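# Working through the structure, step by step
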Amino acid sequence: MTPLLEIKDLTVEFPTRRGIFTAVDKASLSVAPGEIHGLVGESGAGKSTIGAAVMGLLQRPGHITGGTINLKGRAVSGLDRSAVQALRGREISMIFQDPLTSLNPLFTVRQQLVETITTHLDVTQTEANQRALDLLQRVGIPEPEMRLDHYPHQFSGGMRQRVVIALVLCSEPDVIIADEPTTALDVSVQAQVLDLIKDLARERQVGVILITHNMGVIANTTDHVTVMYRGQVMESGPTAQVLGAPSHAYTKSLIAAVPRPQIKQHRFAQVSFGGRETGFQIADLARNWNKPQVDRAKPLFQIEALTKRFLQKPALLPRNRHYLNAVDGVSFDIKQGEVFGIVGESGSGKSTVARLIGGLHRPDAGHLFFDKKEIVAGADLTAYRRQIQMIFQDPYSSLNPRMRVDQIIAEPARHLGLLSGKDLRHRVDELLDRVGLGSAAGQKYPHEFSGGQRQRISIARALATQPRFLICDEPTSALDVSIQAQILNILKDLQEHLNLTMLFISHDLPVVRQMCDRVGVIQRGQLVEVAQTETLFTAPRHPYSRHLLSLMPRLDELATPDLTTLSAPVAPRPAPA
Amino acid sequence: MLSYILRRVVQSVVVLLIVGLVAFSMFRFMGDPIDNLLGVERTVEDIDRLRAILGLDQPFVVQYVKFIGNAMQGNFGVSYEQGRPVSAILAERAPATLELALVSGLLAIGLGIVLGVYTAIRRDGWAAHVIMTVSLVGVSLPTFLIGILLIYVFSVELNWLPSFGRGDTTDLGGWSTGFLTTSGLKALILPAITLGLYQMTLIMRLVRSEMLEVLRQDYISFARARGLSERVINFRHALKNTLVPVITVTGLQIGSIIAFAIITETVFQWPGLGLLFINAIQFVDIPVMAAYLMLISVMFVAINLLVDLLYVAVDPRMRGEASQ
Amino acid sequence: MSRLYRAWDSDLAYAFRHSPIAMFATLVVALLVLGAVFAPLIAPHDPFDPATLNLMNGFTAPGTPNAFTGDSFILGTDNQGRDMLSTILYGMRVSLFVGVAAVSLGMVIGITLGLIAGYRGGWTDTLIMRVADVQLTFPSILVAMLIFGIAKGITPVEYRDQVAIWVLILAIGLSDWVQFARVVRGATLVQKNKEYVQAAQLIGRSGTAIMLRHILPNVLSPVLVIATISLALAIIAEATLSFLGIGAPPTQPSLGTLIRVGQGFLFSGEWWILFFPACTLLALALSVNLLGDWLRDALNPRLK
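This one's a predicted model, so the numbers in the text were calculated from it and none came from an experiment. Per chain, residues are indexed from 1 in the order of the written sequence. All chains are assigned letters beginning with A, and all ligands numbers beginning with 1, in the order in which they are written. Only residues with pLDDT of 70 or above have their local features reported here, since the model is predicted, and side-chain atom pairs are shown and tallied only from 80 upward, although totals for entire chains, interfaces and linings are computed over all residues.

## Some thoughts on the nonpolar core
Ranked by size, the top nonpolar core spans 329 residues in total, and within it Ala166(A), Leu503(A), Phe504(A), Met289(B), Ala290(B), Tyr292(B) and Leu168(C) carry the most contacts. For this core, the element with the highest residue contribution is helix α11 (residues 207-243) of chain C, accounting for 19 residues. What fixes the domain bounds is an automatic or database domain assignment. Formed jointly, this core draws a minimum of three residues from each of two domains, domain 1 (32-52 + 78-247) and domain 2 (337-359 + 380-554) of chain A. Whether two residues are in contact is decided by their C-beta atoms, placed from the backbone, lying within 7 Å. Residues in contact with Phe504(A), not counting those within four places in the same chain, are Val339(A), Phe340(A), Gly341(A), Cys472(A), Val512(A), Met515(A) and Cys516(A). As used throughout, a nonpolar core is a set of buried Ala, Val, Leu, Ile, Met, Phe, Trp, Tyr and Cys residues joined through C-beta atoms within 7 Å of each other. Exposure criterion: with C-beta atoms placed from backbone coordinates, a residue whose C-beta has 20 or more other C-beta atoms within 10 Å is buried, one with 12 or fewer is exposed, and one in between is partly exposed. Secondary structure elements are taken from DSSP: a helix is a run of H or I of four residues or more, a strand is a run of E of two residues or more, and numbering for both begins at the N terminus.

As structure tokens, this is what we get:
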């Protein structure tokens, strides 16, 4: 079968102030009608750039410097602007990542649909309106007649992305490029949108290029996959084959680094392709550490009926105000030396719990006991603050861009009065060495480091005060899979060697399974189940826990990593209820 | 949405009351209020009577309320300098300023939007660069210099247009208009250009930067990806989204026009409210200053309220319908 | 050494070195500023010393020797025989001083209120923003005129000239703070949600420390752009007020006052009394505006 879209040796370059940056280096792939072709890689791999190049939407000053793009046999890459514009919509279209910004907020859904339909198809207004209605129905939007006249801001995220899909389809293109179409959506909605894309592709024999960094999405949605790294294609082929029996070293290590839901690993396999990051010297760190005594039976934290409300709808009269119970009567213990996980979807309140424990919010009700002493908001919490620290989610926002790295690391210890002067400088240098960045890094600014390196700086900052308790709020959600493994291994080492007690917040169930001893499941501000990790994953009791577990991506096709250095796999979990 | 409108109306009333307070304080505490009200020619009996009527020994709040009450009826006292009731003077001078502001405003807003859109769409063309450079000069030239320059070129050297005054005006039932006579229209040209040019430059640069910002948005890229033509994207999507923030600032610009009229009227000796105000400041004519203040406050507040209402009408996100 | 190199190598410095407009504008501004600062040293005559003035020198055209005294002046003299070059240099002093002082005042008030409004939120924010909204209803030039008028009204006549400059600074500065406050507030709201702020709160740093040490350095970049453009506007505003007769007094004339004087002689032929001060004003405002424009484009992260 002749491929619908054929890309051969595509090269895209961006001239910058410091030389030419090659975003895509001789990449080739092809897509057949009805095929969903995944394009996977970590950030900087060039996958989005390929999508933009095919659409003719490359950001200035990028341009195609080599290779060809053929659409239905015709060359597309060398065309001028008006010719490319004629193709867009009619032959090839694109789904963007963020549905919030993809739709013009000032026009109704009907207006945007009808406009696109009448631009490309020769139909009357009435017919166009009918088609719009049919499309909304097909993409699964309830009450489409009413919703046609709504504005984008009146739809939720998942619904909005369905509208986007309808818009993309209404001009009847042959090829669709979907650039991270579900990354900005809630986990529970992601699967639905991906299924929709799959059905539509088969139904209309449309070729889809699905760009993503998520292996689970690749495993569950695509027929073929192309793996990219730093602008080059590493491996390409049918999904089952590439994921089940990868041939390229990079693909192998990428797959190995994906946390598995069905086994408990002792350590995370790291991506070793492309050179290692400098190691983390945990033994040296542990030698100079005041390790606390740990009695695993005794609780370090006791949290009782913690409640926090936020004002959702302000009004002049108190009775008209609407509050949102972000955290609603949550109670649990954290034992000394344990890793306690909290899982939930976005907006469930898990981050708010972390912030309440960290003293960043004042609870509206409930009690918090640390080491048998109550922590009261408003009192002098210096002694408490010396013993806790936090690792944040976004490495690009957790470091002050205008502060030098050494100042960033020194700040907590200095402000809490633990160290000063030469001792402080010495501690900072030592920590920078231990986390593998080198003491010279102290003179630099955060923007000179990668995401993974920044997270190490964050860790160094947290360790400077030698805390007893570490709160990790989604510490790896914003990182590439390869870096994720590194950071998680570091956190595991820290916890074991330094007798740290940890609170681990995440929405990523496989990661939680590897990291935590006990887990609490939180739904809309309420703790619905607390159990030992293995118990939760093998025999969940609460219906919501079962629901969450069912949303985990099925990674059965993925090659099982070489487990000789890791713990033996447990029996596979039973099928979800 | 209703609560939003209500809040804005309440805010407007509060603003007017505050301005009234400032005006009243000026009235009461700067100079002698008796002088302000009676002018220079008065007798001792007048003073005593007025003192009793004004109730100058009454609490501040009572006097303030009386002042506001008077103001709402149009009674602002007597001009210290001219000896005439202030309200009469204001009524006399208002048409001149309003007509000037109208013509300049149309020029500034109309041309400003057109040129702003053009330089945004064709941002790399040489015409756009020339216009932007000239506009930079326009923003750097104070209004009075533009006026002087125009007078020098068109009045003194070329002798085409008059350099001061309004020309002949026709009286339409209390409103003296310059639109109906040739000399009136001729006299309007230079002041209107002077006043409008600066404002037009500002509006043009604003529209251009807003439009460039809109053109960078994702929904424009998506529209392009769907194959809509550049013309449709520019004039249907981008323009509509640009005009929303532009409306707010344009409203403020109208206020700016009325304020900058002060300068223009000074340069051209245009007999409007602006010239009146400047003279009042120089002679410390409190009643006129206070009255001018209150009058334009009402104008500004009304314009702002209108702009806010317009904003709600144009941007559906402001209408507060529940999202699902 | 490495700090200086880092600054030289930064994107902003790079853009500057490659922009002829930015360099030219900076050169012009620098020259004018230096001329103003060193006026007492470089002005050929002191325009305020009656002893050096010769009324007979009045109305001398630029470059040509005076018919009566034979003295020559590069830019001519005004109606009282004062050397135009000297008066312009001293006039620039006043214009620049008022402009810079007014913008500084507006900046300090605006940044402080903007930080507080953005960081504290709640009622403080609402209050400050309402005040800002109210003030924004009125064009700043009008607010400045009003403040000036009130100040004039409450000052006894004999002191009016002396305080005029300070009143001018106060008037323009107070009419200016709103735009700084709005921009800083917006930027503060963005920074407030960043995790490095939460990290600082975690260790118990006070609100003031966080605002000054963490947030302020990160909101300064748009402030810089507005400050430059504000400076141009302040200079023009001062010139306008002086031209209208309600600004700098004749004893301390600014460029606006000089233009006011010069306007009277424009139509009788002595064009230079208006022309040179006007050119200087235009050069000053234009180069500052050019710099501000360039800065805005250079600092805009999305244009990279």
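Next comes the rest of the description.
## A closer look at the interface of chain B and chain C
Contact residues are listed per partner, giving 33 residues for chain B and 32 residues for chain C. Contributing elements (two or more residues each) for the side of chain B that touches chain C: α1 (2-29), α6 (126-140), α7 (143-157), α10 (230-268), α11 (273-282) and α12 (286-314) of chain B. Any residue outside Ala, Val, Leu, Ile, Met, Phe, Trp, Tyr, Cys, Pro, Asp, Glu, Lys and Arg is labelled polar, Gly included; the first ten of those are nonpolar and the last four are charged. When the residues that make up the side of chain B that touches chain C are grouped by side-chain class, the tally is 24 nonpolar, eight polar and one charged.

## Thoughts on the packing of helix α8 (residues 182-215) of chain B against α10(B)
Helix packing geometry: the angle between the two helix axes and the distance between the axes. Residue and element names in this part refer to chain B. Here, axes are lines fitted to C-alpha atoms. For helices the fit covers the stretch in contact, and angles between N-to-C directions go from 0 to 180 degrees. In the contact formed by α8 and α10, the axes pass within 9 Å of each other and the chain directions differ by 160°. As judged from the angle between their axes, α8 and α10 are roughly antiparallel. Note on packing geometry: the crossing formed by α8 with α10 is right-handed. An angle below 35 degrees is read as roughly parallel, one above 145 as roughly antiparallel, one from 65 to 115 as roughly perpendicular, and any other as oblique. Crossing chirality is assigned from the near helix's rotation relative to the far helix, an anticlockwise turn below a right angle marking it left-handed and a clockwise turn marking it right-handed.

## Side note on the confidence of the model for chain C
Residues and elements named next belong to chain C. As a per-residue quantity, pLDDT reports the predictor's confidence and falls between 0 and 100. Across chain C, the average pLDDT comes to 84, with 94% of residues at or above 70. No element of chain C has a lower mean pLDDT than helix α1 (residues 2-9), at 67, and none a higher one than helix α10 (residues 195-202), at 93. Model confidence for the complex: the whole-complex pTM is 0.83, and ipTM, which rates the interface, is 0.82.

## Quick look at the sheet that holds strand β9 (residues 224-229) of chain A
All names here are of chain A. Read across the sheet, six strands follow the order β6-β7-β8-β3-β9-β10 without closing on themselves; strand pairing throughout is mixed. If you trace the sheet from one side to the other, it starts and ends with β6 (92-95) and β10 (232-238), each paired once. Averaged over all neighbouring strand pairs, the angle between strand axes comes to 15°, with direction disregarded. In this analysis, strands are considered paired if DSSP registers two or more bridges between them.

## Quick notes on the interface of chain A and chain C
Across the boundary between the two partners, chain A contributes 19 residues, which contact 14 residues of chain C. Looking at the side of chain A that touches chain C, the elements with two or more residues in it are α14 (382-385) and α15 (405-415) of chain A. By residue class, the composition of the side of chain A that touches chain C is eight nonpolar, seven polar and four charged.

## With respect to the environment of Ser30(A)
Residue and element names in this part refer to chain A. Structurally, Ser30 can be placed in strand β2 (residues 19-31). By the C-beta count within 10 Å, which is 18 here, Ser30 ends up partly exposed. Once residues within four sequence positions are removed from consideration, Ser30 is found in contact with Pro3, Leu5, Glu6 and Ile7.

## Observations concerning the environment of Val244(B)
Residues and elements named next belong to chain B. Mapping Val244 onto the fold places it in helix α10. What makes Val244 partly exposed here is the crowd of 18 C-beta atoms within 10 Å. On a C-alpha basis, the gap between Val244 and Val312 in space is 9.6 Å, while along the polypeptide they are 68 residues apart. Dropping the residues within four chain positions of it, Val244 is found in contact with Tyr311, Val314 and Asp315.

## Notes on the pairing of strand β14 (residues 365-370) of chain A
All names here are of chain A. In the sheet, β14 pairs with strand β15 (residues 373-374) via two bridges, with the strands oriented antiparallel. Paired with Phe369 across the strands is Glu374, a residue of β15. If you look at the hairpin formed by β14 and β15, you'll find two residues sitting between the two strands, and Asp371 has a positive phi there, around 55°.

## Quick notes on the sheet that holds strand β19 (residues 518-523) of chain A
Backbone hydrogen bonds are what pair the strands of a sheet, in a parallel or an antiparallel way. All names here are of chain A. Taken in spatial order, the six strands of this open sheet run β16-β17-β18-β13-β19-β20, and their pairing is mixed. What marks the edges here is a single partner per strand, and that holds for β16 (388-391) and β20 (526-532). Strand-to-strand twist of the sheet, defined as the mean angle between neighbouring strand axes without regard to direction, takes the value 20°. Here four bridges tie β16 to strand β17 (residues 469-473), and the two strands are oriented parallel to one another. Across the sheet, Ile391 pairs through a bridge with Cys472, a residue of β17.

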